[in-house]
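Structural features, examined
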Amino acid sequence: MSAKDTDWDGVRLHVVTGKGGTGKTTVAAALALALAAGGRKVLLVEVEGRQGIAQIFDCPPLPYEERKVAVARDGGEVFALAIDTEEALIEYLEMFYSLKRAGKAMTKLGVVDFVTTIAPGLRDVILTGKTSEAVRRKEKNGSFIYDAVVMDAPPTGRITKFLNVNEEVSGLAKVGPVRNHADTVMKVVRSPETAVHFVTLLEEMPVQETMDGIHDLTEAGLPVGGVFINMEHPSVLNEDELAAAAAGNLDVGEIERGVKAAGLEHGADAIAAALAAEAGDHARRTALQRREKERLEAVEQPRYTLPLLTDGMDLAGLYDLAEALSKQGAA
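All of these numbers come straight from a predicted model, not from anything done at the bench. (Residues numbered from 1 in each chain as written. Predicted model: local features only at pLDDT ≥ 70, side-chain atom pairs only at ≥ 80, totals over all residues. Heavy atoms only, no water.)

Side note on the pattern of salt bridges
On inspection of all chains with the given rule, the structure shows 20 salt bridges. Glu 66 serves as the salt-bridge partner of Arg 137, at 2.9 Å between the closest nitrogen and oxygen. Taken as a pair, Arg 137 in the loop between α6 (120-136) and β5 (148-152) and Glu 66 in the loop between α2 (52-56) and β3 (67-71) lie far apart in primary sequence, 71 residues in all. Note on Glu 66: relative accessible area 24%, which makes it partly exposed. Measuring nitrogen to oxygen at the nearest pair gives 3.0 Å for the salt bridge that ties Lys 68 to Glu 77. The class for Lys 68 is partly exposed, based on a relative accessible area of 45%. (Salt bridge = Lys/Arg side-chain N within 4 Å of Asp/Glu carboxyl O. Helix = DSSP H or I, 4+ residues; strand = E, 2+ residues; numbered from the N terminus. Buried < 20%, exposed > 50% of the residue type's maximum accessible area, 1.4 Å probe, protein only.)

Pasting the structure below:
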């Protein structure tokens, strides 16, 4: 398929990270759907073993194979892969050392856990290697099998170490298949075909982690992508009402009259007081969001905003988020 006119033309590996609780997996899934629109084929990869993709797309737990999980606008397709570290290690041993049988024996002996515990860098090489292989894989006619690959990556605090596999394996192997494989992975990760996107909420800690993560990636020479502001709460009050609510100066009597006009005579005073308190909380949250959004303006990367889905997250909501990303030029 021809490239779409987006902020990320030429990018084929989209790595999505974010502080826990920011909706990282949801944003990765929505981005995959958006990238697949227009008849494209996209692979969504999960590396943390949580089966989050299966939950989002409301399908059974994913096996260690690529499965179609969704159809995007205009006939696009989203495939998903939940990477199993154990299976990937066996595949790795077979590929580089012709040790498939030995690999299966190792799993029974618990050696896989031992290896990935004492050498976590090797585990990261295996996970990133499987993903980068999907990015490079081609059809017989030379075209890429997937137009794009989206990785639901580890959280912000670990993302630089996770991606910088050359540093991680430097103490394990100076030469040989492990080193060669790490070098191949890094060629993909450091290339212009890769972008590492950050998901954040408009709250102090997630925003700070995002800014720190961008700094760390830049220092490591890794490609920084965009910032995805998730679950922004829209304001339901005008500026004067927000100011009054924040200061605790709302006319509770007027609110009570409105409650009674709505037919809620019994306990109208208590309802009015509760509504005034809720309005105050809303005003403070709106102010917090605005402050954190201003902090993010210091970031040079493109920013995209996704609304809070008041009806909760379901497949319909996921398609809505994908459409919002497309309209903002993210995909």
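Structural notes on unusual backbone geometry
Located in the positive-phi region is Gln 51, a residue other than glycine, with phi close to 55°. On the secondary structure map, Gln 51 appears in the loop between β2 (41-46) and α2. Not every positive phi belongs to a glycine, and Asp 58 is a case in point at roughly 55°. Assignment of secondary structure puts Asp 58 in the loop between α2 and β3.

Re the sheet that holds β5
Adjacent strands of a sheet form backbone hydrogen bonds with each other and so pair up, either parallel or antiparallel. Within the open sheet, the eight strands sit side by side as β3-β4-β2-β5-β1-β6-β7-β8. Their pairing is mixed. The sheet is open, and its two borders are formed by β3 and β8 (303-307), each paired with just one other strand. This sheet shows a mean twist of 25° between the axes of neighbouring strands, independent of strand direction. Of the strands in this sheet, β1 (13-18), β2, β3, β4 (77-82), β5, β6 (194-200), β7 (224-232) and β8 touch helix α1 (residues 24-36), which is tilted by about 175° from β5. (Pairing = 2+ DSSP bridges. Axes fitted to C-alpha atoms, helices over the stretch in contact; angles between N-to-C directions. Contact = heavy atoms within 4.5 Å.)

Brief notes about the packing of helix α11 (residues 239-247) against helix α13 (residues 268-296)
At a closest axis distance of 8 Å, the pairing of α11 and α13 adopts a crossing angle of 110°. If you check the angle between α11 and α13, you find them roughly perpendicular. You can see that α11 and α13 cross each other, and the crossing is left-handed. Contact with α11, carried on its side by Glu 239, Leu 242, Ala 245 and Ala 246, involves Ala 279, Gly 280, His 282, Ala 283, Arg 284, Thr 286 and Arg 290 of α13 and no other residues of that element. Residue classes in the contact of α11 with α13 are distributed as five nonpolar, three polar and three charged. (Parallel < 35°, antiparallel > 145°, perpendicular 65-115°, else oblique. Left-handed = near helix turned anticlockwise from the far one by under 90°. Nonpolar A, V, L, I, M, F, W, Y, C, P; charged D, E, K, R; others polar.)

Details of the environment of Lys 68
Examined against the element boundaries, Lys 68 turns out to sit in strand β3. Counting along the chain gives 13 residues from Lys 68 to Leu 81, while the straight-line C-alpha distance between them is 9.1 Å. Discounting chain neighbours no more than four positions away, the residues touching Lys 68 are Glu 77, Val 78 and Phe 79. Within polar-contact distance, the side chain of Lys 68 engages the side chain of Glu 77 at 3.0 Å. (Polar contact = N/O pair within 3.5 Å; in protein donor to acceptor, adjacent residues only side chain to side chain.)

Some thoughts on helix α10 (residues 204-219)
For α10, built from 16 residues, the straight-helix expectation of 22 Å at 1.5 Å per residue is met to within 8% by its first-to-last C-alpha distance of 23 Å. Taken residue by residue, α10 has Pro 206, Val 207, Thr 210, Gly 213, Ile 214 and Leu 217 as its buried positions. Projection of α10 onto a plane perpendicular to its axis shows the buried side chains occupying an angular sector of 125°, all on one side. α10 presents Glu 204, Met 205 and Glu 219 as exposed residues on the side facing more than 90 degrees away from its buried surface. Phi for Gly 221, located one or two positions after α10, is positive at around 75°. (Expected span 1.5 Å × (residues − 1). Arc of directions from axis to C-beta.)

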